[in-house]
Amino acid sequence: GTRIRVEPNTELTIQKCQAVRGAELAMFRLDLGKIWIRVLRMLSQQDKFEIQTPTATAGVRGTIFSVQVAADGATQVQVYEGQVALESEDDETKVAANNTARLSTGQSSPQVTRFSEQDEQAWQQQVAELGPYLEITQRTFADGTLTIKGRTEREAKLTVGGQAIVPKPNGRFTATVTVPADAEPQAEVVATDRRGYTTTVPVEIPTVEETTVTE
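Novice: When you look at the pattern of salt bridges in this model, what are you seeing that I'm missing?
Specialist: Pairs can form between side chains of opposite charge once their charged atoms are near each other. A complete count under the given rule lists five salt bridges for this structure. The salt bridge involving Glu-153 is made with Arg-38; its shortest N-O contact spans 2.9 Å. In this pair, Glu-153 is assigned in the loop between strand E13 (145-152) and strand E14 (157-160) and Arg-38 in strand E3 (residues 23-38), connecting sequence segments 115 residues apart. By relative accessible area, which is 9% here, Glu-153 ends up buried. For Arg-38, a relative accessible area of 0% gives the class buried. In this structure, Arg-151 and Glu-135 form a salt bridge, with 2.9 Å as the shortest nitrogen-oxygen distance. Of the two residues, Arg-151 is situated in strand E13 and Glu-135 in strand E12 (residues 134-142); the sequence distance between them amounts to 16 residues. Here the salt bridges share partners, and the residues they tie into one network are Arg-38, Glu-153 and Asp-193.

Now the structure itself:
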């Protein structure tokens, strides 16, 4: 359920990503560029998810946020949902939703401001990308029946052509849809996470029998 979107010209190091005695540890080092992070589930006290930058460390318990590092090492953290603890050398600041924290080299505490109109617009463009994982792996059409196979993330709710489907515990699913002669040229597969964010993948309905496999 966790996703990191890495923008071009970004230097990101995976320092640790493992489970130790039931605790999940994820630690990253961002030296330049920007990443958008979606941590779906709430982490326990034993879990750790941190993004280290040249000037600060951003720690979360479950949220949607971004971290950006400029060429001079200045750090910017924007929180779309939840809360981020931004720790500098001498201070720790709780950054709430719809806020931006900026910390330049040499500063002891970040400057926190509300989202601007431009910030809101940028996040609205990213929300669709930060929805639940959804991939169609096979499409089969025969005798007026469309069979769709794919995978989504655990705990996601799924509909195929408006029909509710229950994925397996590993996220894989198979759905069969009867296609009327006057049906729309595509069926939509929609995954919804527990926060209500959705990912939609349109699947074209062919006019002749065929099978398409993507994995």
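Novice: What exactly am I supposed to notice about the pairing of strand E7 (residues 75-81) here?
Specialist: Taken residue by residue, a regular strand's side chains alternate between the two faces of the sheet. The buried fraction of E7 amounts to six of the seven residues, a majority that puts the element mostly inside the structure. Where strand E6 (residues 64-69) lies against E7, six bridges are found, and the strand directions are antiparallel. Residue pairing in the sheet places Val-69 in a bridge with Thr-75 of E7. Where E6 folds back on E7, the antiparallel hairpin that results is connected by five residues, among which Gly-73 adopts a positive phi of roughly 90°. By the bridge criterion, five bridges tie E7 to strand E10 (residues 99-103) in an arrangement that is antiparallel. By the bridge assignment, Val-79 is partnered in E10 with Asn-99.

Novice: What is the right way to read the pairing of E14 from this model?
Specialist: The two faces of E14 differ: Leu-158 and Val-160 on one face are buried, but Lys-157 and Thr-159 on the other face are not. In this structure, E14 lies alongside strand E17 (residues 186-192), joined through four bridges in antiparallel fashion. When the bridges of E17 are listed, Leu-158 appears paired with Ala-191. Note: E14 against strand E15 (residues 163-165), three bridges, orientation antiparallel. Within the sheet, the bridge partner assigned to Val-160 lies in E15 and is Gln-163.

Novice: What am I meant to see in unusual backbone geometry here?
Specialist: Phi angles above zero are rare outside glycine, and Asn-98 is one such case at about 65°. Along the chain, the position of Asn-98 falls in the loop between strand E9 (92-96) and E10. Positive phi, close to 75°, is recorded for Glu-155, a residue that is not glycine. When you line up the elements, Glu-155 lands in the loop between E13 and E14. For Glu-155, a relative accessible area of 66% translates into the label exposed.

Novice: How should the layout of surface pockets be read in this particular structure?
Specialist: The volume enclosed by the second largest pocket comes to roughly 260 Å³. Forming the walls of the second largest pocket are 15 residues, and the residues nearest its centre are Gly-59, Val-60, Arg-61, Ala-85 and Lys-94. Counting residues per element, the ones that place at least two in the lining of the second largest pocket are strand E4 (48-52), strand E5 (57-60), strand E8 (83-87) and E9. Classifying every residue of the lining of the second largest pocket gives five nonpolar, three polar and seven charged.

About the thresholds
- Residues numbered from 1 in each chain as written.
- Predicted model: local features only at pLDDT ≥ 70, side-chain atom pairs only at ≥ 80, totals over all residues.
- Heavy atoms only, no water.
- Salt bridge = Lys/Arg side-chain N within 4 Å of Asp/Glu carboxyl O.
- Helix = DSSP H or I, 4+ residues; strand = E, 2+ residues; numbered from the N terminus.
- Buried < 20%, exposed > 50% of the residue type's maximum accessible area, 1.4 Å probe, protein only.
- Pairing = 2+ DSSP bridges.
- 1 Å grid on protein atoms, 1.4 Å probe; cavity = no way out; pocket = protein on both sides within 12 Å on 5 of 7 lines; lining within 4 Å.
- Points joined across faces, edges and corners; volume = space filled by probe spheres on them.
- Nonpolar A, V, L, I, M, F, W, Y, C, P; charged D, E, K, R; others polar.

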